[in-house]
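# Close look at the chain arrangement
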Number of protein chains: 2
Amino acid sequence: MPKTYILGGYQSDFARNWRKEEHNLRDVMAESVYGALDAVSMEPGDIDTAHVGNFAGELYSKQGQMGGFFAEISPDFGGLPTSRHEAACASGSISILMASAELEAERYGTALVLGVEQMKTVSPVEGGDFLGTAGWYELEAEGVELPFPKLFGRLGDVYDDRYGLDPAHLQRLAELNYENAQRNSAAQTRKWLGDVPSDLSEGKYVAPITGRLLLRDCSQITDGAAALILANEERAAEWAEARGIDLADVPTLQGWGHHTAALTFDEKISQAQGDEYVLPHTRRAITDAYDRAGIDGHADLDAIETHDCFTTSHYMAIDHFGITEPGKCYEAIEDGRIDFNGDIPMNPSGGLIGGGHPVGATGVRQALDAWKQVTGNAGDYQVEGASRAATLNIGGSGTTSVSLIIGR
Amino acid sequence: MPKTYILGGYQSDFARNWRKEEHNLRDVMAESVYGALDAVSMEPGDIDTAHVGNFAGELYSKQGQMGGFFAEISPDFGGLPTSRHEAACASGSISILMASAELEAERYGTALVLGVEQMKTVSPVEGGDFLGTAGWYELEAEGVELPFPKLFGRLGDVYDDRYGLDPAHLQRLAELNYENAQRNSAAQTRKWLGDVPSDLSEGKYVAPITGRLLLRDCSQITDGAAALILANEERAAEWAEARGIDLADVPTLQGWGHHTAALTFDEKISQAQGDEYVLPHTRRAITDAYDRAGIDGHADLDAIETHDCFTTSHYMAIDHFGITEPGKCYEAIEDGRIDFNGDIPMNPSGGLIGGGHPVGATGVRQALDAWKQVTGNAGDYQVEGASRAATLNIGGSGTTSVSLIIGR
């Protein structure tokens, strides 16, 4: 297959509140688009196609058709083919898959992928209700307070029923993500805590949310955008040569996997009965990515950015990435393998719990962080010597799973 | 480029009201998916990837993440990679482009594309407000009654300013679409009228909507779904052989064009100043499709399915397809060239005004109608001997334009 190169990108500060700053979606898209173009020294006219990942702009901002903002940002984008893609919290990764499919199909030479979500426009209760449209709203969310914490609490219940689940292990995953976020200057929670372990054991962080989940187990809504610039081999080679960069040093999308399970949590778990994995299609997305990258598994990865919308989904990712046997995720937590200085660091950026979860931006942010790691651009959260990183981005209660492998 | 074959598809009856039938989105998606599978004698397990075109399900049905419905329809769809695409009223065509990009990139062998929109869930005023999210809601729709009729009325104003615009020509376009719809057993308006020309000249059909537009100038909201099954050459050849069909008789996507203009009508028209076409990016989408199909222009087409959300957008399409010189669309109306029995019939199906406009389904419905024409499956609205047909699908006030050319 033709290779998709990743030239660079941009992330907004996920601690911001755009409405308070009097910024609308156009403003924030403009900042991110120019931020990404500046990062790779390109101009609007260098971009051939643009893809927007966004979940529920119609609800949070009463706005669809976001591809139309490009030509509002600059007349130089006039005519640029654009589209918007949605698979709930996996919208960003789906956008990357669509952009890379267009490049591989030789339709275009360069692509800009922008993930964006403005969520701080409504009350937490209303925002939580909107998130219910990522499940089967009528059956799982209508009239239900905080439907998604409930659904991901149940993911913990499934682990507990099958294998047992010690709350201390979930607490450690919260700590890990908060700790890592302290090093990330774009992370939502970077200034929230002093001493992470003790702060997370007391006060508001242990307030019960629902079921087994406390506040510390949950990623927080926020406003955020992330952008990536992709290119096919010909354009990447031109770009690299003009900048004196060796093309071999430009990361590529080495592998990917994409599978969708049933929308409702009940049906999903029912269809997964008898499988050794709790979310078999999530596992398959990861193993497909391994296969396409031509690697054996997690031992060939230097870092993972995973979808910790809740500590329970982070817990699930550990065995689904093959880091432990199915159900034995706790082993990797206890032995520190997934810590920042461990063998296979998970979420060096702070992930969603530490970094923030602006839904449509998350998958793009993960891929950008993978790019940062393998190019040595991750600053204070750089994993030393990283050359290959993976992402896992989940939409709905484990409904859409996309895993990407980015490396040099 | 690898070819994308179009095996067949399904359209729901656009005269239906799903809520009154107590059908939810899952039910209707199931009907359309099985309708398409039955049409081509395939099973769920034969489908490799699925794409949903939908505009504003979050608003009309409080539902996103529609790709998750597949595994709710049948466990045999469990794991099927799915995604949803949005570009307002061009969402269906964008979904076809994404599906064909995946096939051309050799990611999958077969793809199901489902366009769907349930709009009869709210009052016309609220539904019209929701449509405002296809423009820049804050600037063009907030507090504005019927924002889209206003915007497309202004498209007529631009023609009037540049070239003059006789209301009789718009009336004739309304007649043409209503007349053609009488032959289409899935058209929304097929039973609405007796004698089309006289009925459309009186009563409710001439009620003023806004600006220059009367009720007869407007497509009507409705509920609808359409599905298409696509395949790469290898899978299409297997499929054709098993059914004793000559692969050369299976239509392909011969060409396509896709461009996006500015979101707001003002900025769009401002950026188009000096161009001989009112919507230059729409023109370019069509000429790109011609170029990719390797044809000279409309003379090589046997039929066109165009986006007549309003008579003004149908009027625009005439010169943008090159049927007349820019601004001289009226010539093709006066000489009957675009009539059902003319040289280049436009909207033999009845288009959006006659057939109905369930937003996310429209682009898929257009492509299905093109497929029907070139395979001799259009029944009472068959254009005799058609072998190549084009579509034009527009999202927003001329923001996203996609043109497809389907032929044998």
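Structure's up top.
The notes below deal with the structure included here. (Residues numbered from 1 in each chain as written. Chains lettered and ligands numbered in written order. Predicted model: local features only at pLDDT ≥ 70, side-chain atom pairs only at ≥ 80, totals over all residues. Heavy atoms only, no water.)

## Focus on the overall build of chain A
Rule in force here: Helix and strand labels come from DSSP, where a helix needs a run of H or I of at least four residues and a strand needs a run of E of at least two; each type is numbered from the N terminus. Throughout, the radius of gyration refers to the C-alpha atoms, and the reference size of a globule is 2.2 Å times the residue count to the power 0.38. Only protein chains enter the accessibility calculation, which uses a 1.4 Å probe; a residue is then buried when its area is under 20% of its type maximum, exposed when over 50%, and partly exposed in between. Contacts are residue-level and defined by heavy atoms, with any inter-residue pair within 4.5 Å sufficient. For accessible areas, the Shrake-Rupley method is used with a probe of radius 1.4 Å. Any residue's cover is judged against the shown protein chains and nothing else. Counted as positive: Lys and Arg. Counted as negative: Asp and Glu, with His and the chain ends omitted from the count. For this purpose, a charge sits on NZ of Lys, CZ of Arg, CG of Asp or CD of Glu.
Scanning chain A from N- to C-terminus turns up 16 helices and 11 strands. Compactness check: chain A gives a C-alpha radius of gyration of 20 Å against a globular reference of 22 Å for 408 residues, within 12% of the reference. With the C-alpha coordinates aligned to their principal axes, the bounding extent of chain A is approximately 55 × 45 × 45 Å. A total of 408 residues make up chain A; the buried ones form 69% of that total. Long-range contacts, defined as pairs at least 24 residues apart, comprise 77% of the intrachain contacts of chain A with a sequence gap of at least 6. When the accessible surface of chain A is summed, it comes to about 12600 Å², and 44% of that surface belongs to carbon and sulfur atoms. Of the charged side chains in chain A, 31 are positive and 61 negative; the average position of the first set lies 2 Å away from that of the second.

## What about the pattern of salt bridges?
Put simply, the rule is: Counted as salt bridges are all cases of a side-chain nitrogen of Lys or Arg within 4 Å of a carboxyl oxygen of Asp or Glu.
Tallied over the entire structure, the rule returns 38 salt bridges over all chains. Ionic pairing is found between E104 of chain B and R107 of chain A, a salt bridge with its closest N-O pair at 3.3 Å. Of this pair, E104 of chain B sits in helix 4 (residues 91–104) while R107 of chain A sits in the loop between helix 4 (91–104) and strand 4 (110–117), placing the two residues on different chains. For R107 of chain A, a relative accessible area of 10% translates into the label buried. One network of salt bridges, with partners in common, ties together R172, E175, E179 and D339 of chain A.

## Observations concerning the relation of the copies chain B and chain A
Here the second copy of the chain follows from the first by a rotation about an axis and a shift along it. The cut-off we apply is this: Alignment of copies: least-squares fit on C-alpha atoms of residues with pLDDT of at least 70 in both copies.
Its rotation angle being 180°, the transformation that places chain B on chain A also includes 0.0 Å of axial translation and leaves an RMSD of 0.0 Å. Seen this way, the second copy is the image of the first under a two-fold rotation axis. Take the interface residues of chain B: 100% of them recur as interface residues in chain A, which is what a same-surface contact looks like.

## Regarding the side chain of H314 of chain B
All names here are of chain B. By the element assignment, H314 lies in helix 13 (residues 311–320). Look at H314 and you get buried, because its relative accessible area is 0%. Other than its neighbours up to four places away in sequence, H314 contacts L173, L176, N177, T306, H307, D308, I338, M346 and N347.

Interpretation in functional terms is not warranted from these geometric data alone.
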